[in-house]
Amino acid sequence: MYKHDIYVAHPFSFPHSTPNFDKMTDNPIARQIPWDDDPELLQAWKMSKTGYPYIDAIMTQLRETGWIHHLARHSVACFLTRGDLWQSWEDGATVFEEYLIDADWSINNFNWQW
């Protein structure tokens, strides 16, 4: 039961008790990071035009099927935020909300913040 609470119940309940959970600003648990704000880089990531075949293939699959494996989700998230692009996780969460057929507000924002 303990693992169930940590890995299943927590991501669903925690976001609803945290103010501005889906944003960095005024979110008491979000690290405040001075992200770059480059709409062209974000669009290149979203439309599979990064020049990195692995990342572009994942983003193509996301747009065309509405689903990608959890490790692929992690790969493209890291590339967007901590990789070459240094764009905000909020932008990535918005793209995932747009395309994922299994999108869930709580889980999506929870995963983007870790």
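This write-up is about the structure you can find in this document. (Residues numbered from 1 in each chain as written. Predicted model: local features only at pLDDT ≥ 70, side-chain atom pairs only at ≥ 80, totals over all residues. Heavy atoms only, no water.)

### Digging into the side chain of Thr50
Turning to step 1, where the next piece is worked out: On the secondary structure map, Thr50 appears in the loop between α2 (39-46) and α3 (53-65).
Turning to step 2, where the next piece is worked out: Residue class for Thr50 comes out buried when judged on its relative accessible area of 18%.
Turning to step 3, where the next piece is worked out: A distance of 3.1 Å separates a polar side-chain atom of Thr50 from the backbone nitrogen of Tyr52.
Turning to step 4, where the next piece is worked out: At a separation of 2.6 Å, a polar atom in the side chain of Thr50 contacts the side chain of Asp56.
Turning to step 5, where the next piece is worked out: If we ignore the near neighbours within four places in the chain, the residues touching Thr50 are Ala44, Trp45, Ile55, Asp56 and Phe79. (Helix = DSSP H or I, 4+ residues; strand = E, 2+ residues; numbered from the N terminus. Buried < 20%, exposed > 50% of the residue type's maximum accessible area, 1.4 Å probe, protein only. Polar contact = N/O pair within 3.5 Å; in protein donor to acceptor, adjacent residues only side chain to side chain. Contact = heavy atoms within 4.5 Å.)

### Some thoughts on α3
Turning to step 1, where the next piece is worked out: If you check α3, its first and last C-alpha atoms are 18 Å apart, about what 13 residues at 1.5 Å a residue would give, namely 18 Å.
Turning to step 2, where the next piece is worked out: Elements in contact with the buried residues of α3: α2, α4 (70-81) and α5 (89-99).
Turning to step 3, where the next piece is worked out: Gly66 sits one or two positions beyond α3 and adopts a positive phi of about 80°. (Expected span 1.5 Å × (residues − 1).)

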